[in-house]
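Architecture and fold: a report
Residues per chain, in single letters:
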Amino acid sequence: MSNWIVVVDDEALSLANARSILGSQGIRVTCLRSGRDLLRFMGKNSPDLVLLDIMMPQMDGFETYHALRDLQEKNGKRPTPVIFLTADSDSETERRGLKVGASDFIHKPFDQDILLSRINMIIENTKTIENLTEAASIDKLTGFLNKASGTKTIGRMCMSGTGALMMMDLDSFKPVNDIYGHDMGDKILIRFAEILQSVVRSTDIAGRIGGDEFVAYCQNVSDEAVIAQKAKYINEQIIESAKEFMGEDMPIPIGASIGCAFSPEEGTDYKTLYLKADK
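Residues numbered from 1 in each chain as written. Predicted model: local features only at pLDDT ≥ 70, side-chain atom pairs only at ≥ 80, totals over all residues. Heavy atoms only, no water.

When you go through the protein residue by residue, the secondary structure sums to 10 helices and nine strands. Over its C-alpha trace the protein gives a radius of gyration of 25 Å, far above what one expects of a compact globule, namely 19 Å for 279 residues. Burial statistics for the protein: of 279 residues in total, 45% are counted as buried. Within the protein, contacts between residues at least 6 apart in sequence are counted, and of these 65% link residues at least 24 apart. Accessible area for the protein stands at about 14700 Å²; split by element, carbon and sulfur atoms hold 50% of it. Here the protein carries 31 positive and 41 negative side-chain charges, and the mean point of each set is 3 Å from the other. (Helix = DSSP H or I, 4+ residues; strand = E, 2+ residues; numbered from the N terminus. Rg over C-alpha atoms; globule rule 2.2 N^0.38 Å. Buried < 20%, exposed > 50% of the residue type's maximum accessible area, 1.4 Å probe, protein only. Contact = heavy atoms within 4.5 Å. Areas by Shrake-Rupley, 256 points an atom, 1.4 Å probe, with all protein chains shown as cover. Lys, Arg positive; Asp, Glu negative; His and termini not counted. Charge placed at Lys NZ, Arg CZ, Asp CG, Glu CD.)

Okay, structure coming up:
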């Protein structure tokens, strides 16, 4: 898939030059004429990079940049890398741009080789960082979000709508490791994660927050009967799987203790809901 770049400039000629250069490389280009146009656009879209002119009427590039970062933080989105564009040769302008957090600075009129080189470098570096960040946020055994990323992600969801926070403990898990070994324990954890994944939707979030502790947030769920049904199914399936792995006569009373709290009725922050669900 080609990269997607947004170019923001009040000068039609600069937009045409950028579109010509980038389009010739198979890059998807969206051209906008003002900072306000960019903010409206970014509310619903996620391009790979923004080329943002500094000298624009009404909202200049610096004002637009700060408003964009506020918007993305509010919406829980990763900050899109921004390259400032300027015809100004004043080094102070460039220092100011880099100080506020811009990824780079490109002078107009564009030099094709410089423009493409810097764009490719920034997009490549950004994707490398995103991949490393994603890898660091995932629990390697189950593929779920780990404690830090799960808490952060679910915390944002709790604040913005109706939902159910489920907190789950695997009962009698320690004897599995003690009697059958840690490889068997890992098989049980992986199977439990698979069962949990099967009862949450693509719009829900599940995470592993400890050795045998899991959490899930189900959006737009406010009915206890729905959670009770999920809890019943989870317990039936983990018992069935434990007997499959360890034999029908396995002596461990394995199961899952599941607590739940609802937002916004019982709270709108992760910690409050988690403590209520745990209790």
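Now that the structure has been shown, we can carry on.
If you look at the biggest cluster of nonpolar residues, it comprises 31 residues, and the most contacted ones within it are Met168, Ile188, Phe192, Leu196, Phe214 and Ile234. Counting residues per element, this core draws most heavily on helix H8 (residues 182-199), which supplies eight residues. Other than its neighbours up to four places away in sequence, leucine 196 contacts Phe144, Met168, Ala206, Phe214, Ala216 and Ile234. Of all hydrophobic cores here, the second largest spans 19 residues; its members include Val29, Leu115, Ile119 and Ile122. (Core = buried A, V, L, I, M, F, W, Y, C linked by side-chain atoms within 4.5 Å.)

Inspection of the entire model under this criterion finds seven aromatic pairs. Ring centres of phenylalanine 62 and phenylalanine 84 lie 5.2 Å apart, and the angle between their planes is 65 degrees; on these two criteria the pair is classed as edge-to-face. Note that phenylalanine 62 is positioned in helix H3 (residues 61-74) and phenylalanine 84 in strand S4 (residues 82-86), a separation of 22 residues in sequence. Accessibility assignment for this pair places phenylalanine 62 and phenylalanine 84 in one class, buried. Measuring from ring centre to ring centre gives 5.0 Å for phenylalanine 192 and phenylalanine 214, while their planes differ by 55 degrees; the resulting arrangement is tilted. (Phe/Tyr/Trp six-rings, centres within 6.5 Å; stacked < 30°, edge-to-face > 60°.)

On to the state of the cysteines, then. One way to say it: the disulfide is the covalent bond shared by the sulfur atoms of two cysteines. Taken as a whole and assessed by the stated rule, the structure comprises zero disulfides. Free of any disulfide, cysteine 158 has its nearest neighbouring cysteine sulfur in cysteine 260, separated by 11 Å. Using a relative accessible area of 1% as the deciding quantity, one classes cysteine 158 as buried. No disulfide involves cysteine 218; its sulfur sits 7.5 Å from that of cysteine 260, the nearest cysteine. (Disulfide = S-S within 2.5 Å.)

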